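Each chain, written out:
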Amino acid sequence: MMTKNVTKTTVILINMKEREIFLNGIKEIHQLACKYGQNNVEIDISKLLSKEDLENFTSKCHIGFKEAQDLIITNLIEIELEKKKLTSQIKEHRRNREKELEKKKLFLTRVLDYREKLIRKLADSIAWHMIAGHHYIARRLFLGETYPSLLSEGFDTVKKVVDDLNKNTAEFALISDLTSFIQIGDIFHRSSDGYHLIEVKSGKKNEVAETILHDLYTKKENDEKCKMYEYLDENMLKQLERMHRQNIKAAIAIDTIKNEKGFDLKTGHQVYVMESNADTGTYIDVIRDLISASKTKKWGYNVIDGILHIGVYREEWVPLGKEILSQIVKEECGKDFPLFNFMQNISMNICEPIFLKELPEEDLFDLISGKVVIFMIINFEKLIELFKFIGYDAGWLSTKKTHRLKEQLDASSIFIFNNQAIYINYESMEFHIGDGIITRIIGDNLKPFNVALGFIDIINNAVNNMKNNS
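Definitions and limits used
Residues numbered from 1 in each chain as written. Predicted model: local features only at pLDDT ≥ 70, side-chain atom pairs only at ≥ 80, totals over all residues. Heavy atoms only, no water. Helix = DSSP H or I, 4+ residues; strand = E, 2+ residues; numbered from the N terminus. Polar contact = N/O pair within 3.5 Å; in protein donor to acceptor, adjacent residues only side chain to side chain. Contact = heavy atoms within 4.5 Å. Phe/Tyr/Trp six-rings, centres within 6.5 Å; stacked < 30°, edge-to-face > 60°. Buried < 20%, exposed > 50% of the residue type's maximum accessible area, 1.4 Å probe, protein only. Pairing = 2+ DSSP bridges. Axes fitted to C-alpha atoms, helices over the stretch in contact; angles between N-to-C directions.

Draft legend 1. Up close: the side chain of Q183. Inspection of the secondary structure assignment puts Q183 in the loop between β1 (172-175) and β2 (187-191). Engagement of the side chain of Q183 in a polar contact is seen with the backbone nitrogen of L143, the distance being 2.8 Å. A polar side-chain atom of Q183 sits 3.0 Å from the main-chain carbonyl oxygen of E145. If near-sequence neighbours (up to four positions away) are discounted, Q183 is found in contact with L141, F142, L143, G144 and E145.

Listed below in structure tokens is the structure:
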């Protein structure tokens, strides 16, 4: 079900009519989540907003968020139910060795996966507004977990709490499980006094556990706490420990956001907020121009900072785009570097959601529907040259050193090409290019030069923090 008016549409039907219904539903949610405030409040951008105007605009945005959230829930639940049905059918086809039917259902599953990511990016768009686009906040809320199920018994209770909170349009409560990156707390709530991560528990057992935890938190004497534990069975103790861990995670995350330093919940390492002022220059205007040019030429091409190659293709040029762009870069540097698709944005957890890009709606939905494709390649040799130009020693690690690095660190966070990582040396310390730089260039559409300067800022801040705390 993609809109309030379409109640019996199954999202897995692959035909033009159903496809159009799906896209229209996405457009409706997009307008509510990203445009409702500006569409319903007249604002003179040449003047400073008064407090009353700002409050009115914020209230309208929250009304749009609430309606968008309801539609997002409806769609995600329907997709999850359809995926469960398909999974069961695929198992049956495998047992019966019905390969063609299995192949068809696997394709439909991929379609649903794509649609789910799109819808979650709409929820991310709401969250991105709530955190004012601050990556450091998003990073503190992300644990690298898989998408949760919305079919759990407690979801209805979470929804009721959210609906109650959202009666006050001066603040907004978002269900965390709708997003692709908020993975702490059931509800992400922003009010006049800041951010809150709310755990919602239902059932008598949870109510008892919450009461006990409250008593434990408020008792000052250790012997009093110990006496309380004497009367608890093993199951209740496990429940208390689980709820306590959840409370600790939420408290650490909010404390880190508030104080701009704290601890990473995945690694336990101390972290500092390091947002760079250099991370502001985007190339989205180039994307707009290339898409516009492709409407007549069917293709467009440009290079950003001599590093990022961009090709835009439509119609008969779409199947040729990958080969054309790869050949251009290979002729330049003799290497086949990884090729990225603009739409990989929806698979990146922490980046500006595609629905917030400064693109005309027509162009945005041409990308979503596949009418237009954008391929991008980062020339990493040129990126290394840029770091050297700025004044840093940089280059490719040997395969042997890269292997050792992978054993020491989380390999998934390091960019590795042909079994080699990229290093940058600063004050006898070695840093490595991570996938975060890829996300900034491809997902956030920041110019490579600005991303490089931002990375240098982060290195400088990290070294200074180490010195100050040594």
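Draft legend 2. Fine view of the packing of aromatic side chains. Scanning all chains against the criterion turns up 11 aromatic pairs. Here F337 and F417 contribute two aromatic rings whose centre-to-centre distance is 5.1 Å and whose plane-to-plane angle is 45 degrees, an arrangement assigned as tilted. With F337 in the loop between α10 (321-333) and β8 (339-341) and F417 in strand β11 (residues 416-417), this residue pair connects regions lying 80 residues apart in the sequence. One exposure class covers both F337 and F417, and it is buried. Taking the centre distance of 6.0 Å and the plane angle of 70 degrees together, the rings of F387 and F455 count as edge-to-face.

Draft legend 3. Up close: the sheet that holds strand β9 (residues 372-378). Within the open sheet, the four strands sit side by side as β6-β7-β9-β8. Their pairing is antiparallel. Of all the strands in the sheet, just β6 (299-304) and β8 have a single pairing partner and so form its edges. Taken pair by pair, the neighbouring strands of this sheet meet at an average axis angle of 20 degrees, ignoring direction. Here helix α14 (residues 435-443) sits on the sheet in contact with β7 (308-314), β8 and β9, set at roughly 140 degrees to β9.

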